[in-house]
Amino acid sequence: MTKKLKVGVIGLGSMGSTHLDIYSQISDVEVIAVADSIQSRLDGSSKAEGNISGQARGSVGGLKARKYIDGMELINDPEIELVDICVGTNLHFVFVEAALAKGKHVLVEKPLARTYDEAKKIVQLATNSSSNIMSAMCLRYWPAWVWLKDAIESEVYGKCLSLNCRRQTSPPDGAFYSNHEKCGGALLDLHVHDTDFINYCFGMPRAVFSQGYKGPSGGIDHVVTNYIYEQSMDVPLVSAEGSWTMQDGYGFNMSYTANFENGTACYLLDSEETLKLFRSGHQSEVIELKKGMGYEFEIRSFVDEILSGKESNLVLLNQAAESIAIIEAEQVSIKSCLVVTVKA
Ligand SMILES: NC(=O)c1ccc[n+]([C@@H]2O[C@H](COP(=O)([O-])OP(=O)(O)OC[C@H]3O[C@@H](n4cnc5c(N)ncnc54)[C@H](O)[C@@H]3O)[C@@H](O)[C@H]2O)c1
């Protein structure tokens, strides 16, 4: 029998439950421990919800795993090889630091850390460690976004002239999301997905211009940003909007419109998921996407990386850290109403 990777999951909220569901479908992984400071989540008598249909389906019910009330105890469990950190963002740095110090492999939910300073320290710790580490920037693995990255890089429809990304939802539930000191508001928690994807495709912008307003977290919960790459009138024109200030019942959606020299791609995920391509002189096309969510492909890819003995890509980790520097520049831009140079 092949050896299974022994995993411990810390934090059994919406993301911990999503990760448990995915691990249960991977044959060479065994979740041997879970931790949560809320007893009812640990014993399975209460459960968090996700914002995307099909998410957060995993549960501790029926799982033969050791249970810890404090994530640090799980990190000290010598049998665990991969520590999966699904606690709130304000705790990412301390748990990553402790897990790497114990020689564990680390998967840490996005954003990599609460601040760019903490994220930089994580990159430094990872550089000095022989463990594998991944920041769970799931859009990099989400089929419609993988398609987009490939279209931008390959220039199969010509150069990308503009990209606009949008992500909107009603306010998420829970103490973590109602405290901007912990979650960073929608500006960091939600909008980082698009900021990071833009950084992943086009690199660090020279500057940003953002506007936004405060919402239920007490921080910036609705933001609109222009990412400035070149002098004005040059391409690409890149912008993103993120908000969790929509009224109850609105649900969740994410979308993009990418305009290329020879094609326009429009993606929308709400209750359904569609990617359409328009090309002058052609019938409009619906692009067939691989079934599944980015979380699944991201975790499978990280598990494969560990089991095949490959080193982690620290350039990608550093990019996840730099995305937080961009977000911090967006915050300064919102407060000052000025174009702000991004420094990383
Ligand atoms: N990849 C994505 O699309 C995505 C989506 C949602 C959330 N997230 C990220 O995932 C992280 C968690 O989000 P969530 O929605 O699951 O939050 P949550 O608040 O629902 O869950 C976090 C859990 O961690 C537990 N916890 C806190 N401190 C602990 C400790 N010391 N030891 C053990 N358990 C502890 C809490 O009790 C809670 O159950 C956040 O960083 C968030 O930004 C990512």
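Residues numbered from 1 in each chain as written. Predicted model: local features only at pLDDT ≥ 70, side-chain atom pairs only at ≥ 80, totals over all residues. Heavy atoms only, no water.

## Concerning the side chain of His19
Basically, it comes down to this: Strands here mean DSSP runs of E at least two residues long; helices mean DSSP runs of H or I at least four residues long; both are numbered from the N terminus. We call two N or O atoms a polar contact when they sit within 3.5 Å, provided that within protein one can donate a hydrogen and the other can accept it, with sequence-adjacent residues counted only if both atoms are side-chain atoms. Contacts were defined at the residue level, with two residues in contact if any of their heavy atoms lie within 4.5 Å.
Within the secondary structure layout, His19 lies in helix α1 (residues 14-23). A polar contact of 2.7 Å, which involves the side chain of His19, links it to the side chain of Asp84. Ignoring sequence-local partners within four residues, the contact set of His19 consists of Asp84, Cys86, Leu107, Glu109, Glu298 and Ile299.

## Brief notes about the nonpolar core
Convention followed: Grouping buried Ala, Val, Leu, Ile, Met, Phe, Trp, Tyr and Cys residues that are joined through side-chain atoms within 4.5 Å yields what is termed a nonpolar core. Between buried and exposed lies partly exposed: a residue is buried under 20% and exposed over 50% of the maximum accessible area for its type, with that area taken using a 1.4 Å probe on protein chains only. Domain segmentation is taken from an automatic or database assignment of domains.
Ranked by size, the top nonpolar core spans 68 residues in total, and within it Tyr23, Trp142, Trp145, Trp147, Leu148, Tyr256 and Tyr267 carry the most contacts. With six residues, helix α6 (residues 143-154) is the single largest residue contributor to this core. Residue-level mapping places this core at the junction of two domains, with at least three residues from each of domain 1 (5-136 + 296-312) and domain 2 (140-293 + 325-341). In this structure Leu148 touches Leu163, Phe197, Tyr256, Ala258 and Phe260, once residues within four positions along its chain are discounted. In this structure, Tyr68, Ile85, Val106 and Ala321 belong to the second largest nonpolar core, which totals 40 residues.

## Notes on helix α9 (residues 192-202)
Residue pairs three or four apart in sequence face the same way in an α-helix, which turns once every 3.6 residues. Counted residue by residue, α9 has ten buried out of eleven residues, so it is predominantly covered. Residues of α9 that are buried include every one of Val192, His193, Asp194, Thr195, Asp196, Phe197, Ile198, Asn199, Tyr200 and Cys201, and no others. Contacts from the buried residues of α9 go to α6, β7 (160-169), α8 (185-189), β9 (220-228), β10 (237-243) and α11 (314-336). Downstream of α9 by a residue or two, Gly203 has a phi angle that is positive, lying close to 85°.

## Thoughts on the side chain of Ser131
Examined against the element boundaries, Ser131 turns out to sit in the loop between α5 (116-127) and β6 (133-136). For Ser131, the side chain forms a polar contact with the main-chain oxygen of Lys104, separated by 3.0 Å. Not counting residues within four places of it along the chain, the set of residues in contact with Ser131 comprises Leu100, Gly103, Lys104 and His105.

## Examining the domain arrangement of the chain
Rules: For salt bridges, the criterion is a side-chain nitrogen of Lys or Arg within 4 Å of an Asp or Glu carboxyl oxygen. Ten residue types, Ala, Val, Leu, Ile, Met, Phe, Trp, Tyr, Cys and Pro, are classed as nonpolar, four, Asp, Glu, Lys and Arg, as charged, and the remainder, Gly among them, as polar.
Taken domain by domain, the chain holds domain 1 (5-136 + 296-312) and domain 2 (140-293 + 325-341). A separation of 26 Å is found between the C-alpha centroids of domain 1 and domain 2. With 20 residues of domain 1 at the contact, the number on the domain 2 side is 22 residues. Put simply, Lys110 and Asp189 hold a salt bridge, and the shortest N to O gap is 3.6 Å. Inspection of the domain 1/domain 2 interface yields six residue pairs in polar contact (both at pLDDT 80 or more). Residue contributions to the side of domain 1 that touches domain 2 peak at four residues, all from helix α10 (residues 294-307). Of the residues in the side of domain 1 that touches domain 2, the class split is six nonpolar, ten polar and four charged.

## Quick word on the site of the ligand
Counted only if it meets this: When we say a residue is near a molecule or strand, we mean one of its heavy atoms is within 4 Å of it. Per-residue accessibility takes into account occlusion by the displayed protein chains alone, with areas from the Shrake-Rupley method and a 1.4 Å probe.
Lining the immediate environment of the ligand, one finds 28 residues, of which Ser14, Asp36, Arg41, Tyr177 and Asp189 sit closest. The contact in question runs from an oxygen atom of the ligand to an N or O atom on the side chain of Ser14, over 2.7 Å. Interatomic distance of 3.2 Å between a backbone N/O atom of Ser37 and a nitrogen atom of the ligand. If the ligand stood free it would expose 850 Å²; the protein chains cover 87% of that surface. Every element with two or more residues in the shell around the ligand is listed here: α1 and α4 (92-101). Among the residues making up the shell around the ligand, the classes are represented as 13 nonpolar, nine polar and six charged.

## What to know about α10
What counts here: Each helix should span, by expectation, one fewer than its residue count multiplied by 1.5 Å.
For α10, which comprises 14 residues, the first-to-last C-alpha distance of 20 Å matches the rise-based estimate of 20 Å (1.5 Å per residue) to within 8%. Listed as buried for α10 are Gly294, Tyr295, Phe297, Glu298, Ile299, Phe302, Val303, Glu305 and Ile306.

## Here we look at the pattern of salt bridges
A complete count under the given rule lists twelve salt bridges for this structure. Here Lys3 ties to Glu81 by a salt bridge, and the two come within 2.7 Å at their closest N and O atoms. Of this pair, Lys3 sits in the segment before β1 (5-10) while Glu81 is found in the loop between α3 (71-75) and β4 (82-85), placing the two residues 78 residues apart along the sequence. Classification of Lys3 as exposed rests on a relative accessible area of 57%. For Glu81, a relative accessible area of 23% puts it in the partly exposed group. Here the residues in one salt-bridge network are Arg66, Asp77 and Glu79, joined through shared partners.

## Re the packing of α6 against α9
Which entries qualify depends on this criterion: Here, axes are lines fitted to C-alpha atoms. For helices the fit covers the stretch in contact, and angles between N-to-C directions go from 0 to 180 degrees. Here roughly perpendicular refers to angles of 65 to 115 degrees, roughly parallel to angles under 35, roughly antiparallel to angles over 145, and oblique to all remaining angles. Each crossing is labelled by how the near helix is turned from the far one, with a counterclockwise turn of less than a right angle marking it left-handed and a clockwise turn marking it right-handed.
Relative to each other, α6 and α9 sit at 30°, their axes nearing to 10 Å. Comparing their axes, α9 and α6 come out roughly parallel. Crossing hand, α6 versus α9: right-handed. Along the contact surface, α6 presents Trp145, Leu148, Lys149 and Ile152, while α9 presents Asp194, Phe197, Tyr200, Cys201 and Phe202. Counted by class, the contact of α6 with α9 contains seven nonpolar, no polar and two charged residues.

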